[in-house]
2 protein chains.
Amino acid sequence: MTPKMALEKPAPETVFVVDDDASVVRGLSRLLRANGFEVESFASAAAFLSSDARDCVGCLLIDLRMPGMNGLELQAALRESNCTLPVIFISGNTDVPATVQAIRSGALDFLTKPFQEEQLLAAIRSALDRCRDARTRRLAALADQDRFASLTPREKEVCLLVGSGLLNKQIAWQLGTAEKTIKVHRARVMEKLAVVSVAELVRLVDRLGAR
Amino acid sequence: MTPKMALEKPAPETVFVVDDDASVVRGLSRLLRANGFEVESFASAAAFLSSDARDCVGCLLIDLRMPGMNGLELQAALRESNCTLPVIFISGNTDVPATVQAIRSGALDFLTKPFQEEQLLAAIRSALDRCRDARTRRLAALADQDRFASLTPREKEVCLLVGSGLLNKQIAWQLGTAEKTIKVHRARVMEKLAVVSVAELVRLVDRLGAR
DNA sequence: AACGGTATTGGACTTTGGGCCAACACCCGC
DNA sequence: GCGGGTGTTGGCCCAAAGTCCAATACCGTT
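Keep in mind that what you see is a predicted model, and the values were worked out from it rather than measured.

Observations regarding the packing of aromatic side chains
Thinking step 1. Evaluated as defined, the whole model comprises eight aromatic pairs over all chains.
Thinking step 2. Here A:F16 and A:F42 contribute two aromatic rings whose centre-to-centre distance is 6.3 Å and whose plane-to-plane angle is 45 degrees, an arrangement assigned as tilted. Taken together, the positions of A:F16 in strand β1 (residues 14-18) and A:F42 in strand β2 (residues 38-42) put the pair 26 residues apart, joining distant regions of the chain.
Thinking step 3. The exposure class assigned to A:F16 is buried, which follows from its relative accessible area of 2%.
Thinking step 4. Ring geometry for B:F89 against B:F110: centres 5.8 Å apart, planes inclined by 35 degrees, an arrangement best described as tilted.

Laid out in structure tokens, this is it:
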């Protein structure tokens, strides 16, 4: 386990509002805070990107149309930088192509003003749920990768070949060494990866390869 | 392998057009045929649902707004009946909520009239690619399920426990039988499932459970 | 030059997994 | 009732995997 996981801030889950219209931001903030959510607001895409909020647990409420970088561009930039915060768009106009692109790019919802309060709240709750799940999965994936990274190059080779179902003797032949050697590596692999059965090892290898 | 797989018709890939406007259908058909696609058209959602086209390789081009069952309802009905044909919506008006619902329900694209011909063709090519892939995966999944279904109840139990990484003796203890018995079942499982290593068996079990 | 991490191999021994042959009990349909 | 599928168990033997202890060799660092 590496010391820094780039995922601190167990801080309360926060809704990040990105909208250039100050009155909208005020209204949304009041509504969300009244419903028990932490809110942090940004007047532009750039402002959010330069914040450290990218790796928190929370969700984004983005106005589609903004001066400078618009909502879709912000979404693309976030994806580019591996930010996995769920995104909910808010739009005043009815731009279907933008809607299609937004949802296909992974946006969770796309609300058009005016919208029902409850609709927004439901979307946010759903987004926070998803973010929690994603975070859990991401942490598990990182733990997997850490364990695999702790293997020596040779052990990694052996690990993958064991995972593909080869016998020790086949692995030995393939790597040009003795079966005995493979047994040693294999034992170390099982120990370092903290798995007690081949089945667990196979699943771990698959998870690693599934990206 | 069961004799009938419910997936015949290796017929040429077909674009199914569902639109109540005869002139639109004519125009689309001409365009698509001119670009080398097979086209079959339906004047209503009900007409398509009662056809046998549900299990073909192809894709659907659905008009969002139709008298009777509309596009979204048709999409829902198809999903209900496990039809996996990729869906592309065509809409004259700009109904954002419908767009959101359509895309979230798995629609591949949502084109608004008027659209670029090339945009439509690209969407269709993408849809057909996806349908081919899905079909391949579905056939593979069916083959897996067939093999698993050929196991006796006891063999299924043993199979799952082996897949979870237990030793023969642990399985025997858990099932209240002798280790020798498990060995026999296990051998039959490996044979019936046509796997040669525990790794393959684990992956097969996971695929079955992944639904 | 000494040291630690890595890769390698050997031997001896135990545990597990598999293959082959045979056998018995149960239940169901013909 | 008999035949066949299913579940069960035994013995014998071999292959594969895992364990413990020990040893050599290379490489880069201190």
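Still to come is the rest of the account.
Observations regarding the relation of the copies chain A and chain B
Thinking step 1. Mapping chain A onto chain B calls for a screw motion: a turn of 180 degrees about the axis and a shift of 0.1 Å along it, with 0.1 Å RMSD after fitting. Seen this way, the second copy is the image of the first under a two-fold rotation axis. If distances are taken from each C-alpha of chain A to the rotation axis, the shortest is found for A:V96, at 2.9 Å.
Thinking step 2. The residues that chain A uses at the interface reappear at the interface of chain B in 100% of cases, marking a shared surface.

Examining the protein's contact with DNA strand D
Thinking step 1. Around DNA strand D, the structure places 15 residues, and the nearest of them are B:T152, B:R154, B:A178, B:K180 and B:T181.
Thinking step 2. Protein-adjacent atoms of DNA strand D, using a 4 Å cutoff, are sugar or phosphate at a proportion of 67%.
Thinking step 3. A:N168 is positioned such that a nitrogen or oxygen atom in its backbone is 3.1 Å from a phosphate oxygen of DNA strand D.
Thinking step 4. Going through the elements one at a time, α7 (168-175) and α8 (179-192) of chain A together with α6 (153-163) and α8 (179-192) of chain B are the ones with two or more residues in the surface near DNA strand D.
Thinking step 5. Counting residues per element, the surface near DNA strand D draws most heavily on α8(B), at four residues.
Thinking step 6. Of the residues belonging to the surface near DNA strand D, the class tally is four nonpolar, five polar and six charged.

Quick notes on the pairing of strand β1 (residues 14-18) of chain B
Residue and element names in this part refer to chain B.
Thinking step 1. Most of β1 sits inside the fold, with five of its five residues counted as buried.
Thinking step 2. Where burial is concerned, the two faces of β1 agree: the one with T14, F16 and V18 and the one with V15 and V17 are both buried.
Thinking step 3. As paired strands, β1 and strand β2 (residues 38-42) are joined by five bridges and run parallel to one another. Bridging across to β2, F16 finds its partner in E40.

Notes on the interface of chain A and chain B
Thinking step 1. Taken together, the contacts link 21 residues of chain A with 21 residues of chain B.
Thinking step 2. Sorting the residues of chain A by area buried against chain B places A:V96, A:R104 and A:R203 first, and these three jointly supply 30% of that buried surface.
Thinking step 3. At the boundary of chain A with chain B, the tally comes to four salt bridges.
Thinking step 4. We note a salt bridge from A:D109 to B:R104, for which the minimum N-O separation is 3.8 Å.
Thinking step 5. The tally of links from chain A across to chain B stands at six residue pairs in polar contact (both at pLDDT 80 or more).
Thinking step 6. At the level of secondary structure, the elements contributing two or more residues to the side of chain A that touches chain B comprise α4 (96-104), β5 (109-112), α6 (153-163) and α9 (198-209) of chain A.

Quick word on the state of the cysteines
Residues and elements named next belong to chain B.
Thinking step 1. Here the structure, examined in full by the defined rule, presents zero disulfides over all chains.
Thinking step 2. Just so you know, C59 is unpaired, no disulfide at all, and the nearest cysteine sulfur is the one on C131, 7.9 Å from it.
Thinking step 3. On the accessibility criterion, C59 (0% relative accessible area) is buried.
Thinking step 4. Lacking any disulfide linkage, C83 is separated from the closest cysteine sulfur, that of C131, by 8.3 Å.
Thinking step 5. When its relative accessible area of 9% is taken as the criterion, C83 is described as buried.

Overview of the protein's contact with DNA strand C
Thinking step 1. Every one of the 16 residues lining DNA strand C counts as a neighbour, but A:T152, A:R154, A:K180, A:T181 and A:H185 are closest to it.
Thinking step 2. Restricting the count to atoms of DNA strand C within 4 Å of the protein gives a sugar and phosphate share of 65%.
Thinking step 3. The separation between a phosphate oxygen of DNA strand C and a polar side-chain atom of A:T181 is 2.5 Å.
Thinking step 4. Separating a phosphate oxygen of DNA strand C from a side-chain N or O atom of A:H185 is a distance of 2.7 Å.
Thinking step 5. Of all the secondary structure elements, the ones that give two or more residues to the surface near DNA strand C are α6 and α8 of chain A together with α7 (168-175) and α8 of chain B.
Thinking step 6. For the surface near DNA strand C, a count of residues per class yields five nonpolar, five polar and six charged.

Here we look at the pairing of β5(A)
Residue and element names in this part refer to chain A.
Thinking step 1. Residue alternation in β5 divides its side chains into two sets, D109 and L111 and F110 and T112, and both sets are buried.
Thinking step 2. Of the strand pairs in this sheet, strand β4 (residues 87-91) and β5 are connected by four bridges, and their pairing is parallel. Bridge assignment links I88 to a residue of β5, and that residue is D109.
Thinking step 3. Between β4 and its parallel partner β5, the chain crosses via α4, and the hand of that crossover is right-handed.

About the criteria used
Residues numbered from 1 in each chain as written. Chains lettered and ligands numbered in written order. Predicted model: local features only at pLDDT ≥ 70, side-chain atom pairs only at ≥ 80, totals over all residues. Heavy atoms only, no water. Phe/Tyr/Trp six-rings, centres within 6.5 Å; stacked < 30°, edge-to-face > 60°. Helix = DSSP H or I, 4+ residues; strand = E, 2+ residues; numbered from the N terminus. Buried < 20%, exposed > 50% of the residue type's maximum accessible area, 1.4 Å probe, protein only. Least-squares fit on C-alpha atoms with pLDDT ≥ 70 in both. Contact = heavy atoms within 4.5 Å. Near = heavy atom within 4 Å. Polar contact = N/O pair within 3.5 Å; in protein donor to acceptor, adjacent residues only side chain to side chain. Nonpolar A, V, L, I, M, F, W, Y, C, P; charged D, E, K, R; others polar. Pairing = 2+ DSSP bridges. Buried area = accessible area lost by both parts, 1.4 Å probe. Salt bridge = Lys/Arg side-chain N within 4 Å of Asp/Glu carboxyl O. Disulfide = S-S within 2.5 Å. Right-handed = clockwise from strand over helix to strand, strands pointing away.

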